[in-house]
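Geometric and topological summary
Spelled out from the first residue to the last, the chains are:
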Amino acid sequence: MIATQESGTRRLYARTASAADRGAWSVERDIAWYAVDRRRAFERPEILASLRDAALIESYHPVNLARLLKATWDDVDASVVFSLELYEGFKHFHALRWYLDVIRYDPPITDAELIELRRGQENVEVGEEDLIERLVDFMLSEHLAHYFFRRLGEQATEPVLADLLSKISADEVRHAQSASDLIAKRIEADRSVVPRVLEAASHFHHFGEQAIGTVPVAQPGDPIAIQTFAHRIERLCGVRLVDHIKSGL
Ligand SMILES: [Fe+2]
Ligand SMILES: [Fe+2]
């Protein structure tokens, strides 16, 4: 049975779950771990360093998403979107760490390091007063994650890594879209949240900043990532982000 809303349109969570199903891939079966070429991987040490940062950021999802899940307990669609994000974010972390372990990257990621990143964050909450802002941060973080993994995949000369990064990058674009759908639903219910969305976008913080301080966002000044970032906001709000920034509101 297809889950439908009262109006007869397909539920947001059902669309999200279908898209996840169509895009699903297995860390165990779909990555050619046996074929990883260690020598080629080390031809680009800067890619490997970025990969390590990305694995740390992916490991941080349980902290960020636990807050969002709690703050959106009364939104069934949001519960599903964040649950799937938790699972797929875990897959990204698992696959990236596995890759670094396979090539014996030094320093290896340790569980103690992952726990250290989370320390001090356990009591931070998201409330009604900043929920829209945190949803916007989440959507734009996913959007930039897509470009980050895509660019890294384009630069990677080791074929297994290039393949893994293209799979992760395709997941991230879905994640950004799901987050956008959640925000669109809130705008539809109450247009007064539009200025908050615009304001949050102009003061955007990547959630990875909490985890590792700085964030490897696409390529520095990746113009397409930035342009499409603005387009996402404009589609949601019906207002150009640049006009909002100029207006100084
Ligand atoms: Fe991810
Ligand atoms: Fe994601």
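Residues numbered from 1 in each chain as written. Chains lettered and ligands numbered in written order. Predicted model: local features only at pLDDT ≥ 70, side-chain atom pairs only at ≥ 80, totals over all residues.

**Observations concerning the overall build of the protein**
Spelled out, the test is: Numbering of helices and strands runs from the N terminus, with a helix taken as a DSSP run of H or I at least four residues long and a strand as a DSSP run of E at least two residues long. Once C-beta atoms are placed from the backbone, each residue is buried if 20 or more other C-beta atoms lie within 10 Å of its own, exposed if 12 or fewer, and partly exposed for counts between those two. Here contacts are defined at the residue level, using C-beta atoms placed from the backbone and a cut-off of 7 Å between them.
A count of helices and strands for the protein gives 12 helices and 0 strands. Taken from N to C terminus, the helices and strands of the protein fall in the order α-α-α-α-α-α-α-α-α-α-α-α. Per-residue burial for the protein yields a buried fraction of 35% across its 249 residues. In the protein, the proportion of contacts linking residues at least 24 apart, taken out of those at least 6 apart, comes to 79%.

**Focus on the nonpolar core**
Note that soluble globular proteins tend to have their nonpolar side chains buried in a common cluster. What counts, and what does not: Buried Ala, Val, Leu, Ile, Met, Phe, Trp, Tyr and Cys residues whose C-beta atoms connect them within 7 Å together make up a nonpolar core.
Within the largest apolar cluster, 48 residues are counted, with the highest numbers of intra-cluster contacts made by Leu135, Val136, Met139, Leu164, Ala179, Ile183 and Val197. Contributing elements (two or more residues each) for this core: helix H3 (45-59), helix H5 (76-102), helix H7 (131-155), helix H8 (159-189), helix H9 (194-202) and helix H11 (223-237). Residue contacts for Leu135: discarding those within four places in its chain leaves Ala179, Leu182 and Ile183.

**Quick notes on the environment of Ile47**
Mapping Ile47 onto the fold places it in helix H3. For Ile47 and Ala156, which are 109 residues apart along the polypeptide, the C-alpha to C-alpha distance reads 7.2 Å. The residues contacting Ile47, other than those within four sequence positions of it, are Leu152, Gln155 and Ala156.

**Topic: the packing of H7 against H8**
The test is simple: Angular values range over 0 to 180 degrees, each being the angle between N-to-C directions of two axes fitted as lines to C-alpha atoms, with helices fitted over their stretch in contact. In these notes the angle categories are as follows: under 35 degrees is roughly parallel, over 145 is roughly antiparallel, 65 to 115 is roughly perpendicular, and the rest is oblique. Throughout, a crossing is termed right-handed when the near helix is turned clockwise from the far one, and left-handed when it is turned anticlockwise from it by less than a right angle. Residues are sorted three ways: Asp, Glu, Lys and Arg are charged, Ala, Val, Leu, Ile, Met, Phe, Trp, Tyr, Cys and Pro are nonpolar, and all the rest, Gly among them, are polar.
Running from amino to carboxyl end, H7 crosses H8 at an angle of 160°, the nearest separation of the two axes being 8 Å. The orientation of H7 with respect to H8, classified from their angle, is roughly antiparallel. H7 and H8 meet at a crossing whose hand is left-handed. Class assignment for the residues of the contact of H7 with H8 results in 16 nonpolar, 7 polar and 4 charged.

**Focus: H9**
Along H9, the residues that are buried comprise Arg196, Val197, Leu198, Ala200 and Ala201. Against H7, H8, H11 and helix H12 (241-247) lie the buried residues of H9.

**Some remarks on the environment of His244**
In this structure, His244 sits in helix H12. Considering only alpha carbons, one finds His244 and Pro195, 49 residues apart in sequence, at a separation of 8.6 Å.

**A look at the environment of Ala179**
Note that Ala179 resides in helix H8. For the pair Ala179 and Asp137, spaced 42 residues apart in sequence, the C-alpha to C-alpha distance is 9.7 Å. For Ala179, the contacting residues outside a window of four places in its chain are Val81, Leu135, Phe138, Met139 and Glu142.

**Topic: H3**
Operational definition: Here, expected helix span is obtained from the residue count minus one, scaled by 1.5 Å.
The end-to-end C-alpha distance of H3 is 21 Å, a good match for the 21 Å that 15 residues give at a rise of 1.5 Å each. Those residues of H3 lying buried are Leu51, Ala54, Ala55, Ile57, Glu58 and Ser59.

**Observations regarding the confidence of the model for the protein**
We apply this condition: Along the chain, pLDDT gives the predictor's confidence residue by residue, from 0 to 100.
Within the protein, residue pLDDT values average 91, and 90% of them lie at 70 or more. At the level of individual helices and strands, the protein shows its lowest average pLDDT in helix H10 (residues 208-212), which scores 62, and its highest in H5, which scores 98.

**Observations regarding unusual backbone geometry**
Each neighbour pair has its own omega, and for Asp106 with Pro107 the value is 5°, a cis peptide bond. Along the chain, Pro107 turns up in the loop between H5 and helix H6 (111-118).

**Observations regarding the packing of H5 against H8**
Think of two packed helices as two axes; the pair is described by the angle between the axes and how far apart they sit. The N-to-C vectors of H5 and H8 enclose an angle of 160°; their axes lie 11 Å apart at closest approach. Taken together, H5 and H8 sit at an angle that is classed as roughly antiparallel. As H5 packs across H8, the resulting crossing turns out to be left-handed. Between H5 and H8, the contacting residues are Asp77, Ala78, Val81, Glu85, Glu88, His92, Ala95 and Tyr99 on the first element and Leu161, Leu164, Ile168, Asp171, His175, Ser178, Ala179, Leu182 and Lys185 on the second. Class assignment for the residues of the contact of H5 with H8 results in 9 nonpolar, 3 polar and 5 charged.

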